[in-house]
Amino acid sequence: YRKHIMKTLGEQSASLGMIVQQKAPAENFVLHAQTLALVAGMALKAFEPDVTGGEAKPEVWSKWDDFSKRMNEFAAGTAALAKVAQEGGMAAAQPLMKDALTCKGCHDVFREKKK
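Just so we're clear, the structure is a prediction, and the values are computed from it rather than from any experiment.

Moving on, we get to the layout of surface pockets. The space that makes up the largest pocket amounts to roughly 680 Å³. Taken together, 28 residues make up the lining of the largest pocket; nearest its centre are M6, K7, E55, H107 and R111. Considering every element that reaches the lining of the largest pocket, the biggest residue donor is helix 1 (residues 2-20), with seven residues. Across the lining of the largest pocket, the residue classes tally to 12 nonpolar, six polar and 10 charged.

Tallied over the full model, the rule gives zero disulfides. With no disulfide of its own, C103 has C106 as its nearest cysteine by sulfur position, at a separation of 8.5 Å. When its relative accessible area of 26% is taken as the criterion, C103 is described as partly exposed. Judged by relative accessible area, which is 11%, C106 ranks as buried.

Moving on to the side chain of R2. One can find R2 in helix 1. The side chain of R2 is buried and forms no salt bridge, while D50, the nearest opposite charge, is found at 7.3 Å. A distance of 2.9 Å separates the side chain of R2 from the backbone oxygen of V51, its partner in a polar contact. If sequence neighbours within four positions are ignored, R2 has contacts with A46, F47, V51, T52, G53, A56 and W61.

Rules behind the numbers
- Position labels on residues start from 1 in each chain and follow its written sequence.
- Two thresholds apply to this predicted model, a pLDDT of at least 70 for residue-level local features and 80 or more for giving and counting side-chain atom pairs, whereas whole-chain, interface and lining totals are computed over all residues.
- Side-chain metrics rest on all non-hydrogen atoms present in the structure, leaving aside hydrogens and water.
- Buried and open spaces are told apart on a 1 Å grid over the protein atoms alone, a cavity being a set of points where a 1.4 Å probe fits but cannot get out and a pocket being an open set with protein on both sides within 12 Å along at least five of seven lines. Residues with an atom within 4 Å of a point are the lining residues.
- Grid points are joined across faces, edges and corners, and a volume is the space filled by probe spheres set on the points.
- In this description a helix means any DSSP run of H or I spanning at least four residues, a strand means any run of E spanning at least two, and both kinds are numbered starting from the N terminus.
- Under the scheme applied here, ten amino acids are nonpolar (Ala, Val, Leu, Ile, Met, Phe, Trp, Tyr, Cys and Pro), four are charged (Asp, Glu, Lys and Arg), and all others, including Gly, are polar.
- In plain terms, two cysteine sulfur atoms within 2.5 Å form what is called a disulfide here.
- A 1.4 Å probe rolled over the protein chains alone gives each residue an accessible area, and that area as a share of the maximum for its type sets the label: buried under 20%, exposed over 50%, partly exposed in between.
- Neither His nor the chain termini are counted; the positive set is Lys and Arg, and the negative set is Asp and Glu.
- Only one rule defines a salt bridge in this text: a Lys or Arg side-chain nitrogen within 4 Å of an Asp or Glu carboxyl oxygen.
- For this analysis, a polar contact is any N or O atom pair within 3.5 Å, provided that within protein one partner can donate a hydrogen and the other can accept it, and provided that sequence-adjacent residues contribute only side-chain to side-chain pairs.
- In this analysis, two residues are considered to be in contact whenever any of their non-hydrogen atoms come within 4.5 Å of each other.

What is shown is where atoms sit, not what they do.
In C-alpha cells form, the structure reads like this:
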C-alpha cells in the first residue's frame with residue numbers, strides 16, 4: 001500500500017513538471033495538483049504500521065516525530081498548491097511548486113537510495 005501511495009505522489013509531481021515544461025496539457029494542471037494534495041493527505045497513514053522494508057529506512061519509525069512533521073508539512077503545502085491552482089490556475093500556482101514539492105529533503109533522510 002505504502003509503495004503505491006508514494007509512487008502516485010511521484011507520478012503526480014512528474015506530471016506537474018511535464019505540464020510546466022509544456023510537455024503535457026496545461027488544462028490538466030489543476031487536476032494533477034488536486035490529486036497530489038489528496039494523496040499527500042493519505043501518505044502519512046501508509047507509514048503508521050511499523051512495517052519495515054521497501055525503500056523506507058528504519059529512521060522513519062525511530063524518528064517518527066520528525067518524519068510525521070515533514071509529511072504533514074508536505075500535505076499542507078500540496079493542499080495550498082491545489083487551492084491556489086484551482087483559484088488562479090497554473091500561472092498563480094507555479095511559484096508555489098518549489099515550496100510544496102519538498103520530497104528530496106525527506107528522501108535524503110528517510111529513504112534508501114535506489115540501487
